[in-house]
4 protein chains.
Amino acid sequence: MQLDFYKAFSINVDLAIEAHDLARGQTGREIPGVIVDREKYENSSVTIVKVIEEQAEQLMGKPRGNYITIEAPVLRENNRLAQQEVAEVLAKKLTSLFNLPESANILLVGMGNWNATPDALGPRVIDQSMVTRHLFKYAPEELSDGMRPVSAIAPGVLGITGIETAEIIKGVVEKIQPELIIVVDSLAAGSVDRIATTIQIADTGISPGSGIGNKRAGVNRESMGVPVIAIGVPTVVHAAVIAQVTVEQFLEQLKTNPVLEQIYKNLRPDFTQQVINQVLQPFAGNLMVTPKEIDALILNISKIVAGGISMALHPSISFDEYNLYLN
Amino acid sequence: MQLDFYKAFSINVDLAIEAHDLARGQTGREIPGVIVDREKYENSSVTIVKVIEEQAEQLMGKPRGNYITIEAPVLRENNRLAQQEVAEVLAKKLTSLFNLPESANILLVGMGNWNATPDALGPRVIDQSMVTRHLFKYAPEELSDGMRPVSAIAPGVLGITGIETAEIIKGVVEKIQPELIIVVDSLAAGSVDRIATTIQIADTGISPGSGIGNKRAGVNRESMGVPVIAIGVPTVVHAAVIAQVTVEQFLEQLKTNPVLEQIYKNLRPDFTQQVINQVLQPFAGNLMVTPKEIDALILNISKIVAGGISMALHPSISFDEYNLYLN
Amino acid sequence: MQLDFYKAFSINVDLAIEAHDLARGQTGREIPGVIVDREKYENSSVTIVKVIEEQAEQLMGKPRGNYITIEAPVLRENNRLAQQEVAEVLAKKLTSLFNLPESANILLVGMGNWNATPDALGPRVIDQSMVTRHLFKYAPEELSDGMRPVSAIAPGVLGITGIETAEIIKGVVEKIQPELIIVVDSLAAGSVDRIATTIQIADTGISPGSGIGNKRAGVNRESMGVPVIAIGVPTVVHAAVIAQVTVEQFLEQLKTNPVLEQIYKNLRPDFTQQVINQVLQPFAGNLMVTPKEIDALILNISKIVAGGISMALHPSISFDEYNLYLN
Amino acid sequence: MQLDFYKAFSINVDLAIEAHDLARGQTGREIPGVIVDREKYENSSVTIVKVIEEQAEQLMGKPRGNYITIEAPVLRENNRLAQQEVAEVLAKKLTSLFNLPESANILLVGMGNWNATPDALGPRVIDQSMVTRHLFKYAPEELSDGMRPVSAIAPGVLGITGIETAEIIKGVVEKIQPELIIVVDSLAAGSVDRIATTIQIADTGISPGSGIGNKRAGVNRESMGVPVIAIGVPTVVHAAVIAQVTVEQFLEQLKTNPVLEQIYKNLRPDFTQQVINQVLQPFAGNLMVTPKEIDALILNISKIVAGGISMALHPSISFDEYNLYLN
């Protein structure tokens, strides 16, 4: 698949690891200005894509910065020990992206629409996070050493509030002046096996148009005035992507036939796109593919993400203590 | 598309109107033993498919009986007046399928999983229905003339209860001995424009395997011992169907090329199926396509279905009174 | 009952109409600096208490301003026509408290905790309100004349966000600069028959400590820099109030006995309070009395309040159109 | 307080431990035909009341059988280790009430109204229970040794279904023929400190009128034809009880005054009751006292109850494995 396809359908490539693959697909080799690292854990593998130069930024459609992807198919298996390990990997990799004193004030933001299951990951993570900022003032006896003042909001979506999400966040940021913002959002992936099994951590924040809720403005250091780390989990694949991948795979399998390859090459570039548009009428870009059990999958991964964040922000807290605190 | 495709993916064709099209597609002409009638209303059109002979039953994969389909794209438009009209059409067509005295005891059954949005239509309809059976005994002053004793259950799904849904219903039926059962369920359609806009009413009840929750046993006159009318609304399209339709449309557009048509004819029948299976790994038959706003669409249509049922069962109740009663 | 009792239990008297009664009870006559008006409608009665002078402010414990109370026991009766009338009275009285051009930008704020049923009125009203601010920019074709740009937030509570509610609101206010803020909150009443039947509209906003969620900071013109109208509905009575009223009624009935009256006069002022504290251990001030059907009552009244607000803010909208819009 | 008071308000004494105290209060000494045992655990204490003779049954208003009460104030403290211990005590005491082979088929029933927070304990416990009956047939590979076939239903309440809860249960029981029924229900207590801290296990099942949802028919061995164990947790105190206790405590404190005692003795027996009725108008018996955080308390205790039941029914399952299974 090519980036052009995504543009034609106004679909954002949310995962840097997929944007990287798409960009490499175009050139046939590693992109100049990108460094890739890999780490292997018992229940997950981690890929770190560093976008360093402007050329890479252009090719991948992703701003310069660090993109850490945790892939853990075990998350779909309801295995609490494996989950705990993935939460710990998330905590470790998240911690690697900031350097803050123990007193640093941190704001969590859960993006998305709590009334639409696949877009509700952000608000769900907020529900399960260890929020402590008020305790420093009103109940310090409930705190232990190694806990930071953390606050959290779920700002809703434009259709519910009438206000750009970025405006609400910015308003709160100006009041409470956090030293770091961590934003959690639902993403769309290019492949269904990523749903609820892949976690992306990016120190570039959220770009306009990313996520499944079509944000119109970015939430990043530029717009907020403080560093922003975005944590995203794919919860859907656009139906248009499924359709496109199917046609491509179909043609791929037939490629040995030289006549067919010739016909394929002669297709107008927007031919497949027109076919797909017709199939997906009247919803087009708004049709999502999700597994039947999406409600349960999102509940599960929201606990892991909230646990990982809580361990990263409160260094004295283990996963068991997180569970104990949140019950 | 052919019925074979559905069988290969173990996907049921839930809508008789689609099964009829698929069966006609195979033969190229009207199926013997089927009578089709059409009615036109301001905001909806109605198709009545009567499956009369065994041959038609075989070809369509639908038991003999009456299948009434209401198609109302206006349901997606948040227009309360149009909704009201559709609810009235539903009430009228539902009424045409039974002939019961005013004292007849009727049981509503909301099939499906309340924890999985697209499968939650049945339980939502139950929530909004006018349940009166207990009032006849405990609060007759709240009843007016022209109301029947109606009871309602949402039996849950096998994964939640450990019990076949049909067993729970049968147990309740034996206790309260209704003269009619009306079962409401979420369906899968062959096309996304049917989602939350099409209502099927069938006096054949529910066949094994139909609906998006994979029922293992039927809920029909045979299993229950009383007449069963099923009301179904498509809330999803299987991702495999989207993929298949896309490939077919793609090839359709290229058919003018004789070489391509030849290649297509030479494909092994399961070739497309293998491609699709690969794309949909690891979920295969469990991947669903829904519009982003599915939660709101289901809430909306559940009110219309519950209103239509209430008007049919309680002949003295208008849509306004239904609203007033339910608030 | 006396104001002292409320102070002893740190319970706020949320309804001005009750504070007025308590204050009059102390002096035995009308309070100087207060003007009271009454209006009668078919399904409701309205009391307007104007607190004009500082002395009245002190005696009643309510800042100077207008307090409009709508009492409508019919709201508990599930009668949609009566509800509509009450919503219209609410719209009319709300409108009397502001004077704004049609282009005025208005912010709705739903105070309270969406996870605690009796405190969830504010967020529920937001869910059902006609939010339009974004349509002016992105979809003007969905607007009709006589609609104002309205935005809406549910800021959550301190225990969930770690941030004072007033800080979040102030942050948003500074970004979007509304000309008026309307705040909706759950209140505590002195009598159970007010639950979900009484609506208070006050142009003084919300004072620190009012509402059932113990706000620590006010949301009013002083703190926000723009006019703030508060709409509150009682959803609970403090258990301590029920206990106190019972003892008082009990003694009242015995007052004809002169010995008893003597004993009562000799009681230490905190005697009853100690008894009550003992009975309510270990929850004390956090025990609430609600009717069993509180979930349904709150859902119902939230629709009426949201409808009344929407009609007041969008003068071209009738209650039917409000229903049609919101579906 | 006296049993007469409860009768006057049609309030059931749900907890045997309270009925025992009330009955002893009347006689001033141990009731003939009752045996009481006590056990002490680190985080809980257990009282076993055996009602053996008919006279005791009459005096206490409780059918003959075993009533085990676990009191664990620590349950309100969000301490997972203590919770786990209480769940284990529950499992142990529950196990002591039945003697069944490993293959025994058991039905869990969650009584109550999922739409009314304090009455929703039963359905919540069902949500969190290890249901396995279907796995024996469809997925035996997911089972380990030492697991029994368990099924579970939440039958709803009369106002929602129009059907007596006992009828629905009986219908299901006749279909699946369990060897034991375990019924979970919300109870009302005589004291607020029991809310979400006390668990009652009774091998007498559920008597007509018990629980906060006013059951009209019993769910017990007599009506179901198989043994029924009821597990109940107080989630409310009737407001009338709070009012009554307050008056009694008030008078108790004044008893040293001989004149007052004389007056009190001369009161008509229904005097206090009339006062209370007046205070609680228009809700009377339907007013409940709950702590503000009741939603969170019920969520918490439902996990402990579900965990305890799962360990008792599946002897091979530890609390950690229960968590792992349920995630």
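The notes below deal with the structure included here. What you see is a predicted model, and the numbers here were worked out from it, not measured in a lab.

Helix and strand counts for chain A stand at 14 helices and 9 strands. For chain A, whose C-alpha radius of gyration is 20 Å, the value lies close to the compact-globule estimate of 20 Å for 327 residues. If one aligns the C-alpha atoms of chain A with their principal axes, the spans along those axes are about 75 × 45 × 40 Å. Sequence separation of 24 or more characterises 73% of the internal contacts of chain A that already satisfy a separation of 6 or more. In chain A, 27 side chains carry a positive charge and 37 a negative one; their mean positions are 3 Å apart.

Turning to the pattern of salt bridges, a few remarks are in order. All chains considered together, the criterion is met by 28 salt bridges over all chains. Across the pair Glu 167 of chain C and Arg 133 of chain A runs a salt bridge whose closest N-O atoms are separated by 3.6 Å. Here Arg 133 of chain A lies in helix 6 (residues 133-138) and Glu 167 of chain C lies in helix 8 (residues 165-176), a pairing that spans two chains. Its relative accessible area of 22% is what places Glu 167 of chain C among the partly exposed residues.

Contacts between the two partners involve 44 residues from chain B and, on the opposite side, 44 residues from chain A. Counting the surface lost from both chain B and chain A, the interface buries some 3900 Å², and carbon and sulfur atoms represent 72% of this. Broken down residue by residue, the surface that chain B buries against chain A is led by Phe 250, Phe 283 and Lys 292 of chain B, which jointly contribute 19%. The interface formed by chain B and chain A holds 0 salt bridges in total. Our count for the contact surface shared by chain B and chain A stands at 9 residue pairs in polar contact (both at pLDDT 80 or more). Mapped by element, the contributors of at least two residues to the side of chain B that touches chain A are helix 10 (239-254), helix 11 (258-266), helix 12 (271-280) and strand 9 (287-291) of chain B.

Turning our attention to the pairing of strand 7 (residues 198-202) of chain A. Residues and elements named next belong to chain A. Taken across its 5 residues, strand 7 has 5 buried, putting it largely inside the fold. Alternating residues of strand 7 divide into Thr 198, Gln 200 and Ala 202 and Ile 199 and Ile 201, and every residue in both groups is buried. Two elements, strand 3 (residues 65-71) and strand 7, share 5 bridges in a ladder whose sense is antiparallel. Among the inter-strand pairings, Ile 68 is bridged to a residue of strand 7, identified as Ile 201.

Its location among the elements puts Ile 163 of chain C in the loop between helix 7 (158-161) and helix 8. With 113 residues separating them along the chain, Ile 163 of chain C and Ile 276 of chain C place their C-alpha atoms 33 Å apart. If we ignore the near neighbours within four places in the chain, the residues touching Ile 163 of chain C are Leu 107, Arg 133, Ser 151, Ile 153, Val 172 and Ile 176 of chain A together with Leu 158 and Ile 168 of chain C.

All names here are of chain D. One way to put it is that helix 4 (residues 80-95) packs onto helix 13 (residues 294-313) with a least axis distance of 8 Å and a crossing angle of 45°. Looking at the two axes, helix 4 sits oblique to helix 13. Between helix 4 and helix 13 the crossing geometry is right-handed. Here Gln 83, Val 86, Ala 87, Glu 88, Leu 90, Ala 91, Leu 94 and Thr 95 of helix 4 come into contact with helix 13, specifically with Asn 300, Ile 304, Val 305, Gly 308, Ile 309, Met 311 and Ala 312. Considering only residue class, the contact of helix 4 with helix 13 consists of 10 nonpolar, 4 polar and 1 charged.

An α-helical turn contains 3.6 residues, so any two residues separated by three or four positions project in the same direction. Residue and element names in this part refer to chain A. For helix 8 (residues 165-176), which comprises 12 residues, the first-to-last C-alpha distance of 17 Å matches the rise-based estimate of 16 Å (1.5 Å per residue) to within 8%. Within helix 8 the residues assigned to the buried category are Thr 165, Ala 166, Ile 168, Ile 169, Gly 171, Val 172, Val 173 and Ile 176. Directly after helix 8, the chain includes Gln 177, whose backbone phi takes a positive value near 45°.

Attention shifts here to the relation of the copies chain B and chain A. With an RMSD of 0.0 Å, chain B superimposes on chain A once it is rotated by 180° and translated 0.0 Å along the axis. Here the two chains are linked by the operation of a two-fold rotation axis. In terms of C-alpha distance to the rotation axis, chain B has Val 289 of chain B as its closest residue, with the C-alpha 2.2 Å off the axis. Taken as a fraction of all interface residues of chain B, those also at the interface in chain A reach 100%, which identifies the copy contact as same-surface.

With that out of the way, let us pick up the packing of aromatic side chains. Any aromatic ring pair is given by two values, namely how distant the centres are and how the planes are angled relative to each other. Residues and elements named next belong to chain A. Applying the stated rule across the entire model yields 4 aromatic pairs over all chains. Considering the side-chain rings of Phe 319 and Tyr 322, the 5.7 Å spacing of their centres and the 40° angle between planes classify their relative orientation as tilted. One end of the pair is Phe 319 and the other is Tyr 322, both in helix 14 (residues 319-326) and 3 residues apart, which spans about a single turn. Its relative accessible area of 2% is what places Tyr 322 among the buried residues.

Residue and element names in this part refer to chain B. Residue placement: Arg 221 occurs in helix 9 (residues 221-224). Judged by relative accessible area, which is 56%, Arg 221 ranks as exposed. Separated by 186 residues in sequence, Arg 221 and Ile 35 have C-alpha atoms that sit 22 Å apart. Beyond its immediate sequence surroundings of up to four residues, Arg 221 is in contact with Val 226, Pro 227 and Val 228.

On any regular strand, side chains alternate: one points to one face of the sheet, the next to the other face. All names here are of chain B. The element strand 8 (residues 228-238) is extensively covered by neighbouring structure, given that 11 of its 11 residues are classed as buried. Strand direction decides the pairing type here: strand 6 (residues 180-189) and strand 8, joined by 9 bridges, are parallel. What sits directly across from Ser 186, in strand 8, is Val 233. Relative to strand 8, strand 7 (residues 198-202) is paired through 3 bridges, and the arrangement is antiparallel.

The next thing to look at is helix 12 of chain B. For helix 12 of chain B, every residue scored as buried is listed here: Phe 271, Thr 272, Val 275, Ile 276, Val 279 and Leu 280 of chain B. Burial along helix 12 of chain B is one-sided: seen end-on, the buried residues are contained in an arc of 160°.

All right, on to unusual backbone geometry then. Residue and element names in this part refer to chain A. The phi angle at Gln 177 is positive, at roughly 45°, despite the residue not being glycine. Mapped onto the fold, Gln 177 is located in the loop between helix 8 and strand 6 (180-189). In this structure Gln 177 comes out as exposed when scored by relative accessible area, which is 59%.

This part covers the packing of helix 10 of chain B against helix 12 of chain B. Residue and element names in this part refer to chain B. Two numbers describe how helix 10 lies on helix 12: the axes approach to 10 Å, and their chain directions differ by 130°. Relative to helix 12, the element helix 10 is oriented oblique. Between helix 10 and helix 12 lies a crossing of right-handed hand. Contacts between helix 10 and helix 12 involve Ala 239, Ala 240, Ala 243, Gln 244 and Val 247 from the first element and Thr 272, Ile 276 and Leu 280 from the second. For the contact of helix 10 with helix 12, the per-class residue count stands at 6 nonpolar, 2 polar and no charged.

A few words on the environment of Arg 76 of chain C. Residues and elements named next belong to chain C. With respect to the helices and strands, Arg 76 occurs in the loop between strand 3 (65-71) and helix 4 (80-95). Assessed through its relative accessible area of 23%, Arg 76 is described here as partly exposed. C-alpha separation for the pair Arg 76 and Ala 196, spaced 120 residues apart in sequence, amounts to 7.0 Å. Reaching out from Arg 76, the side chain makes a polar contact with the backbone oxygen of Ile 195 at a distance of 3.3 Å.

Conventions and cut-offs
Residues numbered from 1 in each chain as written. Chains lettered and ligands numbered in written order. Predicted model: local features only at pLDDT ≥ 70, side-chain atom pairs only at ≥ 80, totals over all residues. Heavy atoms only, no water. Helix = DSSP H or I, 4+ residues; strand = E, 2+ residues; numbered from the N terminus. Rg over C-alpha atoms; globule rule 2.2 N^0.38 Å. Contact = heavy atoms within 4.5 Å. Lys, Arg positive; Asp, Glu negative; His and termini not counted. Charge placed at Lys NZ, Arg CZ, Asp CG, Glu CD. Salt bridge = Lys/Arg side-chain N within 4 Å of Asp/Glu carboxyl O. Buried < 20%, exposed > 50% of the residue type's maximum accessible area, 1.4 Å probe, protein only. Buried area = accessible area lost by both parts, 1.4 Å probe. Polar contact = N/O pair within 3.5 Å; in protein donor to acceptor, adjacent residues only side chain to side chain. Pairing = 2+ DSSP bridges. Axes fitted to C-alpha atoms, helices over the stretch in contact; angles between N-to-C directions. Parallel < 35°, antiparallel > 145°, perpendicular 65-115°, else oblique. Left-handed = near helix turned anticlockwise from the far one by under 90°. Nonpolar A, V, L, I, M, F, W, Y, C, P; charged D, E, K, R; others polar. Expected span 1.5 Å × (residues − 1). Least-squares fit on C-alpha atoms with pLDDT ≥ 70 in both. Phe/Tyr/Trp six-rings, centres within 6.5 Å; stacked < 30°, edge-to-face > 60°. Arc of directions from axis to C-beta.

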